[in-house]
Amino acid sequence: MKLRVKYSGQLRTATRCGEEDVGWSPDRTLAELIAHLAERHAAGRPHLLSDSGAIRPSLLIAINDAAVMANEANATRLRDGDVVWLLPPIAGG
Amino acid sequence: MEDTGQRSELDAAERNRYEWQLWVPDFGEAGQRRLKEATVLVSRIGGVGGTAALQLAAAGIGKLILAHGGELRLNDLNRQLLMTTDWIGKPRVESARRRLRELNPHVEIETIEANIDEGNAADLIGRADLVVSAAPLFAERLAMNRAAVQLGKPLVDCAMYDLEGRLTTVLPGRTPCLACLYPEPPPHWKREFPVFSAVSSTVGSLAAMEAIKVLAGFGEPLASRLLVFDLRNPCFETLPLRRRPDCPVCGPISRPAP
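Residues numbered from 1 in each chain as written. Chains lettered and ligands numbered in written order. Predicted model: local features only at pLDDT ≥ 70, side-chain atom pairs only at ≥ 80, totals over all residues. Heavy atoms only, no water.

Now for the overall build of chain A. The helix and strand tally for chain A stands at three helices and five strands. In chain A, the succession of α and β elements from N to C terminus is β-α-β-α-α-β-β-β. Computed over its C-alpha atoms, the radius of gyration of chain A comes to 12 Å, within 12% of the 12 Å expected for a compact globule of 93 residues. Viewed in the frame of its principal axes, chain A has a C-alpha envelope of about 40 × 25 × 25 Å. Out of the 93 residues belonging to chain A, those deemed buried represent 56%. Within chain A, residue pairs in contact and separated by at least 24 positions form 52% of the contacts whose partners lie at least 6 positions apart. If you sum the accessible surface of chain A, you get close to 4000 Å²; carbon and sulfur atoms cover 46% of it. Charge separation in chain A, taken as the distance between the mean sites of 11 positive and 11 negative side-chain charges, equals 4 Å. (Helix = DSSP H or I, 4+ residues; strand = E, 2+ residues; numbered from the N terminus. Rg over C-alpha atoms; globule rule 2.2 N^0.38 Å. Buried < 20%, exposed > 50% of the residue type's maximum accessible area, 1.4 Å probe, protein only. Contact = heavy atoms within 4.5 Å. Areas by Shrake-Rupley, 256 points an atom, 1.4 Å probe, with all protein chains shown as cover. Lys, Arg positive; Asp, Glu negative; His and termini not counted. Charge placed at Lys NZ, Arg CZ, Asp CG, Glu CD.)

Written out as structure tokens, the structure is:
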């Protein structure tokens, strides 16, 4: 199955792409997806994961425009065609 | 806000100045009087907050409290539209006061030559009806959020990075607060960020419109929603937000009945 992943803020800069398709399997979770993306885009890792490998609690996450909390990622499964949007905080003023 | 009568009456010059916005449906003279009665605190008057202050002054807010420490630098001038080249080396807030008074002498302006922190947030927010949060550091934004939630004051949080802007309106007790969104300051955020004025001004203008709607009582604010726009490949979207039940800031604040 295939997911669409969108990146905002500094994550967009770090990954050098606004969005991309990612091949995935239905038995794998959102937390595993984020860990996979952190590996795929090393420069984006600090915006996704803490040094201990936990998802940053301030990372805004949406699946098909519904908000998902970081602490729900382990229990969140993904479906073919899902759009996962990752937005690290920004504060430019 | 209560309509206190005489003080908020519009004189002939004000009716003429605001004539074109008095035509806005659901706003009208009652809305204009509410703006005249209102005090808005704008935290930092850079590219985002400066434009928000400019729009609020043009719209006829009764009083603006502008908080921003430090002196103007040459490399502020690509985006800080309340500043002028001859003001380099002088306090930013004084340039802002001068520019805003030139635009609209009806607006009372108080300048605070300091940034918001835990020490002054409650005092400054306590004197305002609404806060526009536009500081480049999360510590400042979270300090304002904490005080605004405790005091029950609406807070419009507006931010940008690169060609992206984000905006939400915190209504204490009704919507998620900033600490729900950002329970810890992101360690990799830098105070200096890529910015065109065309982007920061867009965010600031949107924030001013949120403030005007909340204060005048019309339209729908961005409550429990985050507006995200990207002008690189132009797109405006809203993302629903959720309160964090264990939020240390707004968790204890009562929730409205379902």
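Following the structure, the description resumes.
With that settled, the discussion passes to the interface of chain B and chain A. Taken together, the contact between chain B and chain A spans 34 residues of the former and 26 residues of the latter. Carbon and sulfur atoms make up 59% of the area that chain B and chain A hide from each other, which totals about 2800 Å². Run the count over chain B and chain A and you get four salt bridges. The partner of Glu-237 of chain B in a salt bridge is Lys-6 of chain A, and the shortest N-O contact between them spans 3.1 Å. Viewed at the interface, chain A and chain B are joined by 12 residue pairs in polar contact (both at pLDDT 80 or more). Elements supplying a minimum of two residues to the side of chain B that touches chain A: helix H7 (138-151), strand E5 (155-161), strand E6 (164-170), strand E7 (225-230) and strand E8 (235-240) of chain B. When its residues are assigned to classes, the side of chain B that touches chain A shows 21 nonpolar, two polar and 11 charged. (Buried area = accessible area lost by both parts, 1.4 Å probe. Salt bridge = Lys/Arg side-chain N within 4 Å of Asp/Glu carboxyl O. Polar contact = N/O pair within 3.5 Å; in protein donor to acceptor, adjacent residues only side chain to side chain. Nonpolar A, V, L, I, M, F, W, Y, C, P; charged D, E, K, R; others polar.)

Attention shifts here to the packing of helix H4 (residues 49-59) of chain B against helix H9 (residues 197-216) of chain B. Residue and element names in this part refer to chain B. At a minimum axis separation of 7 Å, H4 and H9 run at an interaxial angle of 45°. By the angle between their axes, H4 is oblique relative to H9. For the crossing formed where H4 meets H9, the hand is right-handed. Here Thr-51, Ala-52, Gln-55, Leu-56 and Ala-59 of H4 come into contact with H9, specifically with Ser-201, Gly-204, Ser-205, Ala-208, Ala-211 and Ile-212. Residues that form the contact of H4 with H9 fall into these classes: six nonpolar, five polar and no charged. (Axes fitted to C-alpha atoms, helices over the stretch in contact; angles between N-to-C directions. Parallel < 35°, antiparallel > 145°, perpendicular 65-115°, else oblique. Left-handed = near helix turned anticlockwise from the far one by under 90°.)

Once that is clear, we can look at the nonpolar core. Across soluble globular proteins, you tend to see nonpolar side chains buried next to one another. Leu-56 and Leu-64 of chain B are the most contacted members of the largest nonpolar core, which has 89 residues in total. In terms of residue count, the dominant contributor to this core is H9 of chain B (eight residues). Not counting chain neighbours up to four residues away, the residues in contact with Leu-64 of chain B comprise Val-40, Val-42, Ala-53, Leu-56, Ala-57, Leu-100, Val-107, Glu-108, Ile-109 and Glu-110 of chain B. Leu-30, Leu-49, Ile-61 and Ile-63 of chain A belong to the second largest nonpolar core, which has 25 residues in total. (Core = buried A, V, L, I, M, F, W, Y, C linked by side-chain atoms within 4.5 Å.)

This part covers the sheet that holds strand E2 (residues 63-67) of chain B. Residue and element names in this part refer to chain B. Across the sheet, eight strands lie side by side as E3-E2-E1-E4-E5-E6-E7-E8; this open sheet has mixed pairing. What marks the edges here is a single partner per strand, and that holds for strand E3 (108-112) and E8. The average undirected angle you get between the axes of adjacent strands in this sheet is 15°. By the bridge criterion, seven bridges tie E5 to E6 in an arrangement that is antiparallel. Counterpart to Met-160 in the pairing with E6 is Gly-165. (Pairing = 2+ DSSP bridges.)

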